[in-house]
Amino acid sequence: MSSVRGFLYGYFCLAGRAAARRSLLLCQRAAATSSALLGLPLLGGARRALRGPSPAARCATAGREAAAAGGAGPCSPRRRGCGGLGAAGGGFRPSRVAVVVKTTRYEFEQQRYRYAGLSEEDLKQLLALKGSNYAGLLERHRIHTKNVEHVVDSLRNEKIEVRLVKRREYNEETVRWADAVISAGGDGTMLLAASKVFDKFKPVIGVNTDPERSEGHLCLPVRYTHSFPEALQKLYRGEFRWQWRQRIRLYLEGTGINPTPVDLHEQQLSQEQHSRAHINERVQDQRSDISGPHLLPVRALNEVFIGESLSSRENFKSCKPSFKFSLHRASYYEISVDDGPWEKQKSSGLNVCTGTGSKAWSYNINKVAHQAVEEILKIAKKHGSLNMPLNMELVQKVTNDYNESLLYSPEEPKMFFSIREPIVNRVFSSSRQRGFSSKVCVRSRCWDACMVVDGGTSFEFNDGAIASIMIDTEDALCTVLLEE
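Residues numbered from 1 in each chain as written. Predicted model: local features only at pLDDT ≥ 70, side-chain atom pairs only at ≥ 80, totals over all residues. Heavy atoms only, no water.

Draft legend 1. Quick peek at empty space enclosed by the protein. Under the counting rule described, the total for this entry stands at 1 cavity of 30 Å³ or more. Space inside the largest cavity adds up to approximately 50 Å³. Residue lining of the largest cavity: F92, P94, V97, L155, A180, I182, I205, F228, L232 and L235, and that is the complete set. Looking at the lining of the largest cavity, the elements that each hand over two or more residues are β3 (180–185) and α10 (228–237). Looking at the lining of the largest cavity residue by residue, the class counts come to 10 nonpolar, no polar and no charged. (1 Å grid on protein atoms, 1.4 Å probe; cavity = no way out; pocket = protein on both sides within 12 Å on 5 of 7 lines; lining within 4 Å. Points joined across faces, edges and corners; volume = space filled by probe spheres on them. Helix = DSSP H or I, 4+ residues; strand = E, 2+ residues; numbered from the N terminus. Nonpolar A, V, L, I, M, F, W, Y, C, P; charged D, E, K, R; others polar.)

Below, the structure is given as C-alpha cells:
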C-alpha cells in the first residue's frame, strides 16, 4: 500500500511542480526587466533566456558573422578546401566524407559460414533449418545496398571525395581523413560511426538505409534516404542546425583493471568466447597492483551498462559429460551518486544513459504500462486516496505524463541512472532506483562482470575495479537537424 501511495504522491507532486515551475518561469521572465525585482532568483530556463543564447547558438552567430566577413568562425576547425565545419547560417560543404556501412544479416551469415565452403544453395538450406527466410534477407540486403549507392553517388556528383568503409576498416585514420562521417545503416551503425569521433566539430550524420525494418531515431528523416541530394542542398544553404549530443566519458581505476576494450559486434561472442576474450586481454596485461584512473578510449552516446556477463557462472554439470548449464548471478556492487555516500546494492545491473539514450533502453527499463497504472489507481480509489472519476482518459494521461518525464534533450549535460530489478532486504538497500545525476561512481564486487558501452564495446569490470561515469561537454558529438 505504501508503494501505491508513493507512486500517486510522486506523480501528483511532479505534475504540481511542473505547473508551478511554468507559472514561476513566466512571472520571472516578465519580472526580469523590472528594476524592482532584480534580486529575484531565476530558474534554470529563465536564467538561460535572460543571459542570452546557448554556446552552440553563439557559435552559430559568430560563424555567420565570420562567414559574411570572408573568414572562418571561432568554432570552425581546420578547413580543407570547401570542407570544414562552419555555422549553420553559412552552410556546410565537406570536401571529404567517410561513409560507414553496416553489415547486413545476409552478409553476416555469408561471412559466418564462408570458411565451411558452403555454396549459396547450402546457405539457403541452412537458414531454412534455422527458421530464417533466405529470400527475405537477400531482399533487405539489396534494398540497403541500393540506398548506400544512392548516398555515395549523390556525394560524388557534388565532387565530394568519398571513402566507403565497413566496420573492420573503420578506424581513427579514416576519421582524421574525413571532414564529415556518414553512417549508412540504422541506429547501431550510427553508434559505431560516432564511437571513433572525438573531434567535437566533426559532424556525424546518419542515413537509415532500410527504413521499413529499422527505427533510425539517430538518423535523418526517412524521406532523405531516397532523396539525399535534397539533404545535401539543405546543408549547403544552411537550412539546418547543429545539434551537439552529449556523451558519457568513463574512468577506470582500482585493482587488476584491464582498460583494453573487446568489440562485441566484431566477435559476435557466445558466453564462452566472451569470457575467453577478456581472459586473453588480461594475460597480455597482467596488473595486480592498484592503478590510477584511466580515461577509457570510448564515449557513450546512448548508455553504459554494468552487470554480470550473460548468465555468467557455469556452476552445474548435467548428466551429459560435455554439457554445463548456468544460473543467473545477481550483480553485486557499491554505488555513489553525485559524490554522495556509497551504498551496497544487488540487482540485475545498472544503466546510465544520456539524453540521446533516454529514448532507448533506459526508457524501456523504466516506463510503466497503462494496465499497471490503471490497477494502481483502482487500488488508490478503493482506499479513498483518489477522489476523482477513474476512466481511461485519466489512466492514459497519468501513464503518458510519467513516461514522458523519463525523456530529456540530447543536448542537456546530465545523465539518468536506473537500477534494474534491485534486491532490497536488511543487507542491501536501494534508496534511489533511478534519477538524474552529473556523476555516478561504481565499485565492482562482481565475479564475471562487464561494463558495456552502447551495446558494442565491453570492458572487464570485476571485484576491485572502480568506474567513474560522467559527462564532459567537450565530448559532445556534432550531428545535424535538418529543417523540414
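And the narrative resumes.
Draft legend 2. Inspection of the pairing of strand β12 (residues 331–337) at higher detail. Burial analysis of β12 places 6 of its 7 residues in the buried class, which makes it a mostly covered element. Pairing between β12 and strand β13 (residues 343–347): 5 bridges, direction antiparallel. Directly across from I335, in β13, lies its bridge partner E343. Counting the residues between successive antiparallel strands, the hairpin from β12 to β13 contains 5 residues, one of them, D338, with a positive phi of roughly 50°. In this sheet, strand β17 (residues 439–444) lies alongside β12 in antiparallel orientation, the contact comprising 5 bridges. The partner of S336 across the bridge, within β17, is C441. (Buried < 20%, exposed > 50% of the residue type's maximum accessible area, 1.4 Å probe, protein only. Pairing = 2+ DSSP bridges.)

Draft legend 3. Local environment of the packing of helix α14 (residues 370–382) against helix α15 (residues 392–404). It is the contact of α14 with α15, at a shortest axis distance of 9 Å, that shows an interaxial angle of 115°. Between α14 and α15 lies a crossing whose hand is right-handed. Residue-level inspection shows H370, V373, E374 and L377 of α14 in contact with α15, the latter providing M392, L394, V395, Q396, V398, T399 and N400. When its residues are assigned to classes, the contact of α14 with α15 shows 6 nonpolar, 4 polar and 1 charged. (Axes fitted to C-alpha atoms, helices over the stretch in contact; angles between N-to-C directions. Left-handed = near helix turned anticlockwise from the far one by under 90°. Contact = heavy atoms within 4.5 Å.)

Draft legend 4. Expanded view of the environment of G254. You can see G254 is positioned in strand β6 (residues 248–255). By relative accessible area, G254 is classed as buried at 9%. Placed 38 residues apart in sequence, G254 and G292 show a C-alpha to C-alpha distance of 6.7 Å.

Draft legend 5. Representation of the nonpolar core. By size, the foremost hydrophobic cluster in this structure holds 29 residues, and its most contacted members are V99, L155, I182, L220, F228 and L482. No other element matches the 5 residues that α10 contributes to this core. The residues touching I182, leaving out its near neighbours within four places in the chain, are V97, A98, V99, V100, V151, L155, I205, V207 and F228. Within the second largest apolar cluster, 27 residues are counted, among which are Y333, I419, V440 and F459. (Core = buried A, V, L, I, M, F, W, Y, C linked by side-chain atoms within 4.5 Å.)

Draft legend 6. A look at the pairing of strand β9 (residues 303–308). Within β9, 6 of the 6 residues are buried, which leaves it mostly tucked inside the rest of the structure. Note that β9 and strand β18 (residues 449–453) share 5 bridges and pair antiparallel. Across the sheet, the residue bridging to I306 is M451, located in β18.

Draft legend 7. Just the side chain of T356, in detail. By secondary structure assignment, the location of T356 is in the loop between β14 (349–353) and α13 (361–366). On the basis of relative accessible area, T356 is assigned to the buried category, the value being 7%. Setting aside residues up to four positions removed in sequence, T356 forms contacts with L218, R245, L301, N302 and P410.

Draft legend 8. Just the sheet that holds strand β1 (residues 96–101), in detail. The strand order across the open sheet built from 4 strands is β2-β1-β3-β4, with neighbouring strands paired in parallel fashion. Pairing within the sheet leaves two strands with one partner each, and these edge strands are β2 (161–165) and β4 (204–208). Each strand of the sheet is rotated relative to its neighbour by a mean of 20°, with strand direction disregarded. Judged from the 5 bridges that link them, β1 and β3 form a sheet pairing that is parallel. Counted as the bridge partner of A98 is V181 from β3. Contacting β1, β2, β3 and β4, helix α6 (residues 134–157) crosses the sheet at an angle of about 155° to β2. Packing of helix α8 (residues 187–195) onto the sheet brings it into contact with β1, β3 and β4, and relative to β3 it is tilted by some 155°.

So far we have only geometry, and geometry alone does not tell us how the molecule works.
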